[in-house]
Amino acid sequence: MTAQKQHRAGGFVLTGNHLYGGHVIYLGRDSRVTRSLSEAAVFVAAEDAEQAFTRTRAAEQTVGAYAAEVTYGDEGIIPVSLKEQIRQKGPSLALPAARQRRR
Amino acid sequence: MYQYDNFDRTYLQQRIDEFKAQVQRRIDGVLSEEEFKPLRLQNGLYLQLHAYMLRVAIPYGTLNSRQMRQLALVAERYDRGYGHFTTRQNLQFNWIKLDDVADILSLLAEVDMHAIQTSGNCIRNVTTDHFAGAAAGEAEDPRITAELLRQWSTGHPEYAFLPRKFKIAVSASDKDRAVTAFHDIGIQLMKSPAGGIGCRVLVGGGLGRTPRMGRELTSHLPEGDLFHYLDAVMSVYNRLGRRDNKYKARIKILIDELGIDKARELIDTEFHLRKDRLPGFNRALKAKIAADFSLPDFSSAHPHDLAHDMALSPSFAAFVRQNVCAHKDSRHAIVSVSLKQHGCPPGDATARQMRIIADLAADYSYDEIRISHQQNIILPHVPKSQLASLFARLATAGLATANIGLASDIIACPGLDYCALATARSIPVAQQLALRFQKRKNEQDIGPLQIKISGCINACGHHHVGHIGILGLDRAGVENYQITLGGDGSEQAGLGERTGPGFSAGHLLAAVDTIIDVYLESRTGREETFIACYRRIGMAPFRQALYSTPNADADRVAAKIAS
Amino acid sequence: MVVITDTGFGADNWQGLAPVGPDDDSFTRLSNDELAAVVIRLDSDADMAPLVSRLAVIGKIVINFPASSDGRGFSLARQLRLYGYQGRLRASGALIPDQYRHARQCGFDEVAVNDGQARRQPLCHWTEQLPRLRPGYQARLFESQVLPPS
């Protein structure tokens, strides 16, 4: 499940949920929030990510912000924990609506 | 069903207006997230992994077709076309935006529904027997007391900021279908020898990190004293319950620390203070509510022998045997509609399915629907003469899965696929297990078996009271599943015992197979159920089979795959 | 310090009165006349037992709320009223406007917040709460929710 052994060392991204939309967001390299992990700023240490975040206006739009560990793989930035992988990609099961459409 | 009056409707509208203003103040920065969070939680709004989640109350699990259609509309308009029925008879929408919540609450209020107190550190939506009013042998319909409890607890100024959440369940039957022993307060209603209704009150039951069975506070309380008594319990809990540690804040820990005798003494003092100083219970309100819950007019139904219908169709016969229960009126039956189609997430229903259920309730069940804590749907009053017709329509809609009470009728919390608290996934485990039973066609042979899965220690999937309980944990970043055996949430309540070390996701299915194989080999005959067999033979044979050799787990997986 | 009542924001007219706790040595030494004049301070974990016998002569009580999520003070207030306290009752500390209803319905007469809170949550947010003071569901459950005279 976890990828930390197979890949080179990574770092930390700052993530949380959007205040209005509730969707997953990351602190981007341009200091704005982004929905795409590939655009997220990667920091060496968790504290760096948290400090950089509090200095941005992104903080006002974010709920429950925290630093999450990431690594680099073939697809770019990859979350280390299963929870963060699910937050990034959505539930690991087929959604009922999707099943219905396929029929 | 309870009929909303102007007071109820005005109250709902006020709460919606209040919430709109709170959202605006949050957006304006007047309220911090820390201040806003308890307010949104008391309106049923969580922030989960992917979005906000709105938990809609279905008080005591009862709703009508109009309400069900409105839930379908919300699912389509504001969610992704489905909802999730929970183990507390609620419905959760998983993909909600904060900006939409006030509009959703307005749509719900149109049909006398809401999301009030489905979350937060307050008295939560009250649950009861999903067969209430339909099953024989009840002291009275427990929904009458449940509705009184809803009114007593809704917006109660003293109990909106408790140490922790507070769950109450009511039952009025010898058969405990409401798991009353595992609630902060469990109320068991019974007929008083002297006439009227009496209440047995249990306190401090619960699952989670520290599972406890409810302890008896009083064996017999006159119903007119119930609310002063509950006020006394709440006052003691609110003042003395621990607030220093989230995991020790439930009333079960306070009862542990005080001891039940000391707790009873404190509560009795508070109770008598109220009884002496405050006005008595409003019996006229109860009479009005009781009238709302009187049975539908059954006069058009006539006796019907199902044997002929069953002889004509083996699939109908199987459905009747598994999903249909006796009604207290011999012309009717109680029908359970399984939301556990093999391979589907337990408790999920699409908007289309909700509308089909609504249509069927209107056509076959006097417009009444129930949600069970087992995450299934009940049509409580179906004339026997129309059962075959109902079955045909359920089958056409793919809703005739005949597995109620069987191994694939699995309870599962949303788990790590949705929930911010979860440590492991639970829905995929339930899906894989159900598909496996379907493939092996052994469910009927196994007989009654309750498998319950939680994705974290908080135990929303009730794993402690599963005959087979599965608890998903995070072990160094990898999902790991502990198994408990012998739990029971019924009137023979008991907590499951852990088999031993947990299993990886890859080995879990084989471990469940092993447990079932031990049962099938050990039972005295088909009439000895899994739980009865477990009680007779104990944990040892199961443990032996699960952990007998160092590589038993891996070997068994290889063998099972090969078979 | 700003004191909020149903009529709006006001100044703190208890300023200068040193609060006394029921556990303080001085509490037991106070005469009835003195008790009527001082402010009794209750923390949220207070034991009410030493107070009960003297509630009839006490004139001012303030209950402290350490956090807006901590509702112990609501039960304390209700208990004081149940035991027959008829003096002034103030909630002080971390309450937000949304809790004004809870405070009033549990028996408080007023809420005191610091100047910073009052600036962040100005009067309009508190007056918005006034229509919510109407009796709620609980009033329907009992024959009448009014306390009998003690």
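Basis of the calculations
Residues numbered from 1 in each chain as written. Chains lettered and ligands numbered in written order. Predicted model: local features only at pLDDT ≥ 70, side-chain atom pairs only at ≥ 80, totals over all residues. Helix = DSSP H or I, 4+ residues; strand = E, 2+ residues; numbered from the N terminus. Rg over C-alpha atoms; globule rule 2.2 N^0.38 Å. Buried ≥ 20, exposed ≤ 12 C-beta atoms within 10 Å, placed from the backbone. Contact = placed C-beta atoms within 7 Å. Core = buried A, V, L, I, M, F, W, Y, C linked by C-beta atoms within 7 Å. Nonpolar A, V, L, I, M, F, W, Y, C, P; charged D, E, K, R; others polar. Pairing = 2+ DSSP bridges. Right-handed = clockwise from strand over helix to strand, strands pointing away.

Asker: Would you mind showing me how to read the overall build of chain C here?
Answerer: Each helix and strand in chain C was counted, giving eight helices and six strands. Moving toward the C terminus, one meets the helices and strands of chain C in the order β-β-α-α-β-α-β-α-β-α-β-α-α-α. What you see for chain C is a C-alpha radius of gyration of 16 Å, in line with the 15 Å of a compact globule of 150 residues. Counting only C-alpha atoms, chain C reaches 45 × 40 × 25 Å along its principal axes. Here chain C holds 150 residues, and the buried ones make up 36% of them. Considering only contacts in chain C between residues 6 or more positions apart, those separated by 24 or more positions represent 57%.

Asker: Where do I start with the environment of B:C199 in this structure?
Answerer: All names here are of chain B. Assignment of secondary structure puts C199 in strand β9 (residues 197-203). On the basis of neighbour counts, which here come to 24 C-beta atoms within 10 Å, the residue C199 falls in the buried class. Each C-alpha atom, one on C199 and one on L189, is 4.7 Å from the other, the two residues being ten residues apart in sequence. Excluding residues that lie within four positions of it along the chain, C199 makes contacts with I187, L189, L221, E223 and L226.

Asker: How should I be thinking about the nonpolar core in this particular structure?
Answerer: Across soluble globular proteins, nonpolar side chains show a tendency to be buried alongside one another. Residues B:L54, B:V233 and B:I357 are the most contacted members of the largest nonpolar core, which totals 170 residues. With nine residues, helix α6 (residues 226-240) of chain B is the largest single contributor of residues to this core. Dropping the residues within four chain positions of it, B:I357 is found in contact with B:M68, B:V337, B:I369 and B:I377. The next biggest cluster of nonpolar side chains, apart from the first, holds 29 residues, and it includes C:F74, C:L76, C:Y100 and C:F108.

Asker: I keep staring at the interface of chain A and chain B and nothing clicks. Help me out?
Answerer: The extent of an interface is frequently quoted as the accessible surface area lost upon association of the parts. Chain A puts 24 residues into the contact, and the matching count from chain B is 27 residues. Breaking the side of chain A that touches chain B down by element, the ones donating at least two residues are β4 (62-73), α2 (82-89) and α3 (96-102) of chain A. No other element matches α2(A), which puts four residues into the side of chain A that touches chain B. Split into classes, the residues belonging to the side of chain A that touches chain B amount to twelve nonpolar, ten polar and two charged.

Asker: Just to check I follow, could you spell out the arrangement of the chains for this structure?
Answerer: The highest contact count of any of the two pairs of chains in contact belongs to chains B and C. Taking C-alpha atoms only, the smallest gap left between chain A and chain C, which are not in contact, amounts to 16 Å.

Asker: In this structure, what is going on with the interface of chain B and chain C? I would like to understand it.
Answerer: Contacts between the two partners involve 33 residues from chain B, matched on the other side by 33 residues from chain C. Within the residue set of the side of chain B that touches chain C, elements represented by two or more residues are α1 (6-27), α2 (33-41), α5 (142-153), α6 and α8 (260-277) of chain B. Residues that form the side of chain B that touches chain C fall into these classes: 16 nonpolar, ten polar and seven charged.

Asker: Sorry if this is basic, but what is going on with the pairing of strand β2 (residues 24-27) of chain A here?
Answerer: Residues in a regular strand point their side chains to alternate faces of the sheet. Residues and elements named next belong to chain A. Of the two faces of β2, the one holding V24 and Y26 and the one holding I25 and L27 are both buried throughout. As paired elements, strand β1 (residues 11-18) and β2 share three bridges and run antiparallel to each other. The residue bridging G16 from the neighbouring strand is I25, located in β2. Where β1 folds back on β2, the antiparallel hairpin that results is connected by five residues, among which G22 adopts a positive phi of roughly 80 degrees. Sheet topology places β2 next to strand β3 (residues 33-34); two bridges connect them, and they run antiparallel. Opposite Y26, over in β3, you have T34 as the bridge partner. Between β2 and β3, which pair antiparallel one after the other, the connecting turn spans five residues, and S31 there sits at a positive phi close to 70 degrees.

Asker: Please explain the pairing of strand β5 (residues 88-93) of chain C as it appears in this structure.
Answerer: Residue and element names in this part refer to chain C. Pairing of strand β4 (residues 60-65) with β5 involves six bridges; the strand directions are parallel. Bridge assignment links V62 to a residue of β5, and that residue is R90. Since β4 and β5 lie parallel, the crossover through helix α4 (residues 72-82) that links them has a hand, and here it is right-handed. Bridge count for β5 against strand β6 (residues 110-113) is three bridges, and the pairing is parallel. In the sheet register, S92 faces β6, and the bridge partner there is A112.

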